[in-house]
Amino acid sequence: MSALDAVRVAPSTNPVSQSVRDSMVVAKRNLIRMSRIPEMIIYGLIQPIMFVVLFTYVFGGSMQIGGSTSAEDYKNFLMAGIFAQTVTFATASSGAGIADDMHKGLIDRFRSLPMARGAVLTGRTFADLVQTALTLVVLAVVALLVGWRVGSDGDTDAGRVLGAFGLLLLLGYAFTWIGALIGMSVSTPEAATSSGLIWLFPVTFISNAFVDTSHMTPWLRHVADWNPFSATVQACRELFGNPGVSPSDAWPMQHPVWASLIYSLLIIVIFRTLSVRKYRSATA
Amino acid sequence: MPGAIYAEGLVKTFGDVRALDGVDLDVPEGTVLGLLGPNGAGKTTTVRCLTTLLRPDSGSAVVAGIDVLKHPDAVRRSIGLSGQFAAVDEYLTGRENLQMVGQLYQMRAKAAKARAAELLEQFDLTDAADRPTKTYSGGMRRRLDLAAALVVSPPVMFMDEPTTGLDPRNRQMLWDVIKRLVSGGTTLLLTTQYLEEADHLAHDIAVVNHGRVIAKGTSDQLKARTGGERVEVVVHEREDIPAASEVLRGFGKGETTVEDHMRQLTVPVTGGAKLLAEVIRELDTRGIEIDDIGLRRPTLDDVFLSLTGHVAEVKDEENGKEAVK
């Protein structure tokens, strides 16, 4: 019975380092998991690639961006929108993953362990962030293949391009916390997937992502200009040196980089707090 | 001094449903308490409250000498939980699952790795250790789940219906593990719907129904409470029933019940095997031919029936799964 001999549990260390360590253990678990379900990553890629191709070739010829009807301009305008939409769609998989863990009793297992309270969700969102980064790389390559070019309508440099991708990752990370809350709140993984997607359509379409907001009715344009999602898209266009930067007077449109940062950080703070609170009292 | 698991007046309501209506428990160190009851009786809710997964509305609980409501984190370091469902990650291998749990119990990576290897060996999972657990059979998963609960050899273990849905071979294997565990000094609270399981493993049994403990004691005490032994006779010829009934009346301590279609007569008795021999002699003297005769002791099923007014359910309605009895 040597295997049942008492194994001492290490005394609790510094709560911050414990939290980081536990989060990394959970993130590693989720990354191993993702690597064993490659079809999920592949399906996650097909949709944005389809959007790139469809919007470029179907809408490209009939869109007016800042007075230009050139398909070339629309293509360069579009990519920031597609990138931003893609990172927010990670919300759905994040929510479904957490709902699945709840459903299978894994959350019960975690909650009965002497681990940091926020680590299960933080680990999950870190792993989702890695997946989002991979998706963005593939998507950027596809965008380059169909003819997207940075600096097509203004100055840019490597630092600004990287900055744009940084803002996109931050937005994606913020949205996975919304997904975490959804995942903790619904009863089945299926419900998490569908409820995770439904609200993303208005958020990403009532924005500057695919069309020039100056063609919208004034009240809708107002919503689009203040939409957190639009701020990141606008910031990316500016940093990429792509056409179609909205001349709107709304504060987020005038200071898109700051607006994008503030919005994303706010979302993280609010939804992390709510999700972790929900986790503490979760019942499967 | 309270036992390793102690609860007083636990109450938990979900909306209108009073899932726990004042549960009291006291499990001495190194013993097994079988929590027995039908679905929805409050067994799982009790376990969830004691393992810090659920906060009771009122009442108090002490596990391994630690107040559950005041120091839930300290309690988590001293308990192992094995749930109704095998809570392991199906895409991780058995080894990866155990290492992860070890690390989350705050073991160093190296120690967690060594411990995982030990447990895999002990639970006969070494051959399957590096396969994703979704390829495991139900019994293997359950073993892995139990191994995960034992990573730090916690002094107090909770098992929520550990053998529900398992085939007899795997159930026997799990029972053996549980017995070894307890002989090593672990205190265990086990919920089950299987009366046989409680009879087999538990030192003490608490019967719960409608969120309350309605009876507790050893298996023998509960059986004695239900009434003593009885003699059951099956006669060969139907026409012998009245004669046999008369014989039994002479020995019985109560009314004789007759199942006409089965030619079976039952009467409560006291006196054990000696009395049984006398009954047989008397029936033989009168020339009554018998197919079967025996001294029956009440089963926990009888106990359950007399306490709750209905037999222990085997259908697992909550999960829509048919449990294999």
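Fair warning: this is a prediction, and the values are worked out from it, not measured in the lab. (Residues numbered from 1 in each chain as written. Chains lettered and ligands numbered in written order. Predicted model: local features only at pLDDT ≥ 70, side-chain atom pairs only at ≥ 80, totals over all residues.)

**Some thoughts on the overall build of chain B**
Part 1: Looking only at helices and strands, chain B has eleven helices and 16 strands in total.
Part 2: Overall, chain B is about 80 × 45 × 35 Å in size when its C-alpha atoms are taken along their principal axes.
Part 3: Put simply, chain B has 325 residues, and 45% of those count as buried.
Part 4: The contacts of chain B with a sequence gap of at least 6 include a subset with a gap of at least 24, amounting to 66%. (Helix = DSSP H or I, 4+ residues; strand = E, 2+ residues; numbered from the N terminus. Buried ≥ 20, exposed ≤ 12 C-beta atoms within 10 Å, placed from the backbone. Contact = placed C-beta atoms within 7 Å.)

**Re the sheet that holds strand E1 (residues 5-14) of chain B**
Residue and element names in this part refer to chain B.
Part 1: Strand order in this open sheet of four strands is E2-E1-E4-E5, and the pairing throughout is antiparallel. On the outer flanks of this sheet lie strand E2 (17-27) and strand E5 (66-67), each paired with one strand and no other.
Part 2: Strand contacts of helix H1 (residues 43-50): E1, E2 and strand E4 (58-63), with the helix running at about 115° to E1, the strand carrying the most contacts. (Pairing = 2+ DSSP bridges. Axes fitted to C-alpha atoms, helices over the stretch in contact; angles between N-to-C directions.)

**So, the pairing of strand E13 (residues 264-268) of chain B**
Residue and element names in this part refer to chain B.
Part 1: A one-sided burial pattern is seen for E13, the buried positions being Leu 265 and Val 267 and the unburied ones Gln 264, Thr 266 and Pro 268.
Part 2: Inspection of the sheet shows strand E11 (residues 230-235) paired to E13 by five bridges, in the antiparallel sense. If you follow Val 231 over to E13, its bridge partner there is Val 267.
Part 3: Pairing between strand E12 (residues 257-259) and E13: three bridges, direction antiparallel. Residue Thr 257 lies in a different strand from E13, and its bridge partner there is Thr 266.
Part 4: Linking two consecutive strands that pair antiparallel, namely E12 and E13, is a turn of four residues; a positive phi of about 55° is found at Arg 263 within it.

**A look at helix H1 (residues 15-36) of chain A**
Part 1: Taking 1.5 Å as the rise per residue, H1(A) with 22 residues should run 32 Å; its terminal C-alpha atoms sit 32 Å apart, in good agreement.
Part 2: Here H1(A) has its buried residues at A:Asp22, A:Ser23, A:Val25, A:Val26, A:Ala27, A:Arg29, A:Asn30 and A:Met34.
Part 3: Looking at the buried residues of H1(A), the elements they touch are helix H2 (38-59) and helix H5 (119-145) of chain A together with helix H3 (94-104) of chain B. (Expected span 1.5 Å × (residues − 1).)

**Regarding the environment of A:Ala235**
All names here are of chain A.
Part 1: With respect to the helices and strands, the residue Ala 235 is situated in helix H10 (residues 228-240).
Part 2: Ala 235 gets classed as buried once you count the C-beta atoms within 10 Å, which come to 27.
Part 3: Distance in space between the C-alpha atoms of Ala 235 and Ala 80 is 8.8 Å, their sequence separation being 155 residues.

**Points about the environment of B:Leu283**
Residues and elements named next belong to chain B.
Part 1: Position of Leu 283 among the secondary structure elements: in helix H10 (residues 272-285).
Part 2: The exposure class assigned to Leu 283 is buried, which follows from the 20 C-beta atoms found within 10 Å.
Part 3: Separated by 237 residues in the primary sequence, Leu 283 and Thr 46 place their C-alpha atoms 51 Å from one another.
Part 4: Excluding residues within four positions of it along the chain, Leu 283 makes contact with Ala 244, Val 247, Ile 288 and Ile 290.

**Re the nonpolar core**
Part 1: If you look at the biggest cluster of nonpolar residues, it comprises 143 residues, and the most contacted ones within it are A:Phe83, A:Ala84, A:Cys236, B:Leu50, B:Val63 and B:Leu189.
Part 2: For this core, the element with the most residues is helix H3 (residues 71-103) of chain A, which contributes 16 residues.
Part 3: Not counting chain neighbours up to four residues away, the residues in contact with A:Ala84 comprise A:Leu168, A:Leu171, A:Ala209, A:Phe229, A:Thr232, A:Val233 and A:Cys236.
Part 4: If you look at the next biggest cluster of nonpolar residues, it comprises eleven residues, including B:Val235, B:Ala244, B:Val267 and B:Val269. (Core = buried A, V, L, I, M, F, W, Y, C linked by C-beta atoms within 7 Å.)

**What to know about unusual backbone geometry**
Residues and elements named next belong to chain B.
Part 1: Phi is positive for Gln 106, which is not a glycine, with a value near 70°.
Part 2: Relative to the elements of secondary structure, Gln 106 occurs in the loop between H3 and helix H4 (109-122).
Part 3: Non-glycine residue Glu 161 carries a positive phi angle of around 45°.
Part 4: Within the fold, Glu 161 resides in the loop between strand E7 (156-160) and helix H6 (168-183).

**Digging into the pairing of strand E3 (residues 32-36) of chain B**
All names here are of chain B.
Part 1: For E3, a buried count of five out of five residues is recorded, marking the element as mostly surrounded by other parts of the structure.
Part 2: Covered by surrounding structure in E3 are Val 32, Gly 34 and Leu 36 together with Leu 33 and Leu 35, the residues of both alternating faces.
Part 3: As defined by bridge partners, E3 adjoins strand E8 (residues 187-192) across five bridges and the pair is classed as parallel. Its bridge partner being in E8, Val 32 is matched across the sheet by Leu 188.
Part 4: As defined by bridge partners, E3 adjoins strand E9 (residues 204-209) across four bridges and the pair is classed as parallel. Within E9, the residue paired with Leu 35 across the bridge is Ala 206.

**Things to note about the packing of H1(A) against H3(B)**
Part 1: Relative orientation of the contacting elements H1(A) and H3(B) amounts to 165°, with a least axis distance of 9 Å. Classified by the angle between their axes, H1(A) and H3(B) sit roughly antiparallel to one another. The way H1(A) lies across H3(B) gives a crossing that is left-handed. From H1(A), A:Asp22, A:Val25, A:Arg29 and A:Ile32 reach across to H3(B), where they touch B:Glu96, B:Met100, B:Gln103 and B:Leu104.
Part 2: Along the lines of polarity and charge, the residues of the contact of H1(A) with H3(B) split into four nonpolar, one polar and three charged. (Parallel < 35°, antiparallel > 145°, perpendicular 65-115°, else oblique. Left-handed = near helix turned anticlockwise from the far one by under 90°. Nonpolar A, V, L, I, M, F, W, Y, C, P; charged D, E, K, R; others polar.)

**Topic: the interface of chain B and chain A**
One frequently used descriptor of interface size is the decrease in accessible area upon assembly of the parts.
Part 1: Taken together, the contact pairs 35 residues of chain B with 27 residues of chain A.
Part 2: Tallied by class, the residues present in the side of chain B that touches chain A amount to 18 nonpolar, eight polar and nine charged.

**A closer look at the sheet that holds E8(B)**
All names here are of chain B.
Part 1: The strand order across the open sheet built from six strands is E6-E7-E8-E3-E9-E10, with neighbouring strands paired in mixed fashion. At either margin of the open sheet sits one strand with a lone partner, and together these are strand E6 (79-82) and strand E10 (212-217). With direction set aside, neighbouring strand axes in the sheet form an average angle of 15°.
Part 2: This element, helix H5 (residues 138-149), spans E6 and E7 of the sheet and lies at about 165° to E6.

**Side note on the confidence of the model for chain B**
Residues and elements named next belong to chain B.
Part 1: Overall, the prediction assigns chain B a mean pLDDT of 86, with 93% of residues at 70 or greater.
Part 2: Within chain B, no element has a lower average pLDDT than strand E16 (residues 321-322), which sits at 35, and none a higher one than H3, at 96.
Part 3: Here residues 313-325 is a poorly scored stretch, pLDDT under 50, and it has 21 contacts once near neighbours within four places are set aside; other chains count.
Part 4: Model confidence for the complex: the whole-complex pTM is 0.81, and ipTM, which rates the interface, is 0.85. (pLDDT = per-residue confidence, 0-100.)

**Remarks on the confidence of the model for chain A**
Part 1: Counting all residues, the mean pLDDT for chain A is 88, and 94% of those residues have values of 70 or more.
Part 2: pLDDT under 50 marks residues 1-8 of chain A. Its contacts with residues more than four places away, or in other chains, come to 15 contacts.

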